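Structural overview
Below are the chains, spelled out letter by letter.
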Amino acid sequence: MKLYSTNNKTAEVSFQEAVFNSLPQDKGLYMPHEILRLPDDFLENLNQFDLPEIAFRVADNLLQGVIPSEDLRTIINDAINFPAPVVQLTEDKYVLELFHGPSLAFKDFGARFMSRIMAYFLREGEKELNVLVATSGDTGGAVALGFLGVPNTLVTILYPKGKVSEIQELQLTTNGQNIRAIEIDGTFDDCQALVKQAFVDAELNEKFRLTSANSINIARLIPQTFYYFNAVAQLKRAGKTDVVFSVPSGNFGNIGAGLLAWKMGLPVKHFIAATNANDTVPTFLNGGIYQPKTSVATISNAMDVGNPSNWARIMDVFKEDQNEITKLVSGYSFNDVQTADAIRQVYSMYNYVVCPHTAIAYLALEVWQKQHPQQENTGVFLATAHPCKFPDVFTDEIAAEIEIPKQVLELMDKPKKADSLGIDYASFKAYLLAEAGTSI
Ligand SMILES: *Cc1c(COP(=O)(O)O)cnc(C)c1O
């Protein structure tokens, strides 16, 4: 498998290089030169396979032998060790629950697979891999729990003090081992600025092997294709076809993976890109121009992105052709009032609690299905996080219905540990240097 940069199609880098670099120097995004269609006998008989087998076949088809089969199976079985069930709400509405991993969000798929791929490529005796992550909540938890106990890695997570939910903070601060958390007396942007400066610091780069575990890493995208195939497999077993996926979108990695799956032959009818008020992509899909904006804050804050970082990949899949993409993908955006209403509606109609991000995907599916009444379709909206991660958005009545999963209950008994720093770079750098060599 060789990859190019979306800004330089003639580039050829190895999978290993693309994983450790995350981002090409030219600021494009890595894409595989060949995205081969899966064999027909696999695509036609998806219903006969379970998630681990689907994951292996899909990954192997994409990686084309970069990782020997046996090792790839081990990586996948270790990384994807939780289910992704499709739950029926009505005759033509299903929810794909992607929140059964350790951090209770779909980002577990990407983070767990990427961490194990990185560990696999780290040769014995090589310099420890130093992962620096700034988080507003969700990414940090997935990365922390994804790398927890992974040999030869040390993860440093920066989060804004007092600005993450209680459960998110537990996921960041109770790990120990190779994970350390720093609460920064500032905003998420301050955290991100510190991490960015560290990456361009010559002295730190000399001392450490730094990596960002960035959400645009190709190794995070690949495992997100697995659950699209697995959802179609489950629906086929239930006698359902003509699947339409509605995907709550921020940086467009999740739906980007769906489109990669389509390219590999996923039997799917349509995709819906559902956003909050940050509507850069829906505006474009509805015939407007693509105009990145500054993000606005919403109650579905993991999707507050005005300039989606994976968009270049999606345009690349469709060879920059706006007509081609709009045939397969529709876009809708919703505001906070609509989102809160949808949470109440889903609860009262189906006795099912959705997180605010999931609520937006539900709304978009509703609208699309109403606009296409004559079409046979099986609507599936993706539930990207467990509602307990966003306790502030629910009414008391709904909040009382949310069951806290055991992954979280277990964390509550563990001691919390976070170091505290201000927003000045000198202290952060001194912290990193002082801790050098004292890690496990
Ligand atoms: C990250 C995230 C999203 C957005 O996913 P993208 O891949 O960035 O589009 C949606 N919902 C939740 C809960 C998230 O954490």
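It should be noted that the structure appears before, not after, this text.
The paragraphs below set out a description of the structure included in this document.

How each quantity is defined
- Residues numbered from 1 in each chain as written.
- Predicted model: local features only at pLDDT ≥ 70, side-chain atom pairs only at ≥ 80, totals over all residues.
- Heavy atoms only, no water.
- Near = heavy atom within 4 Å.
- Polar contact = N/O pair within 3.5 Å; in protein donor to acceptor, adjacent residues only side chain to side chain.
- Areas by Shrake-Rupley, 256 points an atom, 1.4 Å probe, with all protein chains shown as cover.
- Axes fitted to C-alpha atoms, helices over the stretch in contact; angles between N-to-C directions.
- Helix = DSSP H or I, 4+ residues; strand = E, 2+ residues; numbered from the N terminus.
- Parallel < 35°, antiparallel > 145°, perpendicular 65-115°, else oblique.
- Left-handed = near helix turned anticlockwise from the far one by under 90°.
- Contact = heavy atoms within 4.5 Å.
- Nonpolar A, V, L, I, M, F, W, Y, C, P; charged D, E, K, R; others polar.
- Salt bridge = Lys/Arg side-chain N within 4 Å of Asp/Glu carboxyl O.
- Buried < 20%, exposed > 50% of the residue type's maximum accessible area, 1.4 Å probe, protein only.
- Pairing = 2+ DSSP bridges.
- Core = buried A, V, L, I, M, F, W, Y, C linked by side-chain atoms within 4.5 Å.

Taken together, 15 residues lie near the ligand, and Lys 107, Asp 138, Gly 250, Asn 251 and Thr 384 sit nearest. A distance of 2.8 Å separates an oxygen atom of the ligand from a polar atom in the backbone of Gly 250. Here an oxygen atom of the ligand sits 2.9 Å away from a polar atom, N or O, in the main chain of Asn 254. Alone, the ligand offers 380 Å² of accessible surface; in the complex the protein occludes 95% of this.

Relative orientation of the contacting elements helix H5 (residues 107-121) and helix H10 (residues 218-237) amounts to 130 degrees, with a least axis distance of 7 Å. If you check the angle between H5 and H10, you find them oblique. Once H5 is placed against H10, the crossing between them reads as right-handed. Seen from H5, the contacting residues are Lys 107, Phe 109, Gly 110, Ala 111, Phe 113 and Met 114; seen from H10, they are Ala 219, Arg 220, Ile 222, Pro 223, Gln 224, Phe 226 and Tyr 227. Residues of the contact of H5 with H10, tallied by class, amount to 9 nonpolar, 2 polar and 2 charged.

Okay, the pattern of salt bridges next. The final tally for this structure, using the stated rule, is 17 salt bridges. For the salt bridge of Glu 53 with Arg 57, the shortest nitrogen-to-oxygen distance reads 2.9 Å. Highlighted residues: Glu 53 and Arg 57, both in helix H3 (residues 51-63), separated by 4 residues, approximately one helical turn. The exposure class of Glu 53 is buried, given its relative accessible area of 19%. Judged by its relative accessible area of 33%, Arg 57 falls in the partly exposed class. Residues Asp 138 and Lys 389 are paired through a salt bridge, measuring 2.7 Å at the closest nitrogen-oxygen approach. You can see Asp 138 sitting in helix H6 (residues 138-147) and its partner Lys 389 sitting in the loop between strand S13 (378-383) and helix H17 (396-399), a full 251 residues away along the chain.

Strand pairing within a sheet occurs via backbone hydrogen bonds; the two strands may be parallel or antiparallel. Overall, mixed pairing links the 6 strands, which are arranged S4-S5-S13-S10-S11-S12 in an open sheet. Two strands close off the open sheet at either side, each with one partner strand: strand S4 (86-90) and strand S12 (329-333). Averaged over neighbouring strand pairs, the angle between their axes works out to 25 degrees when direction is ignored. Pairing of S4 with strand S5 (residues 93-97), which is carried by 4 bridges, proceeds in the antiparallel orientation. Each bridged residue has a counterpart across the sheet, and for Val 87 the counterpart in S5 is Val 95. Of the strands in this sheet, S4, S5, strand S10 (243-248), strand S11 (270-275) and S13 touch H10, which is tilted by about 140 degrees from S10. Strands in contact with helix H11 (residues 253-263) are S10, S11, S12 and S13; relative to S11, the strand with the most contacts, it is inclined by about 170 degrees.

Further remarks concern the nonpolar core. Within the largest apolar cluster, 99 residues are counted, with the highest numbers of intra-cluster contacts made by Phe 15, Leu 96, Phe 226, Tyr 228, Phe 229, Phe 245 and Phe 271. Here this core takes 12 residues from H10, the largest share from any one element. If sequence neighbours within four positions are ignored, Phe 271 has contacts with Tyr 228, Phe 245, Ile 255, Gly 258, Leu 259, Trp 262, Leu 266, Leu 328, Val 329 and Ser 330. Ala 274, Tyr 332, Ile 360 and Ile 402 belong to the second largest nonpolar core, which has 36 residues in total.

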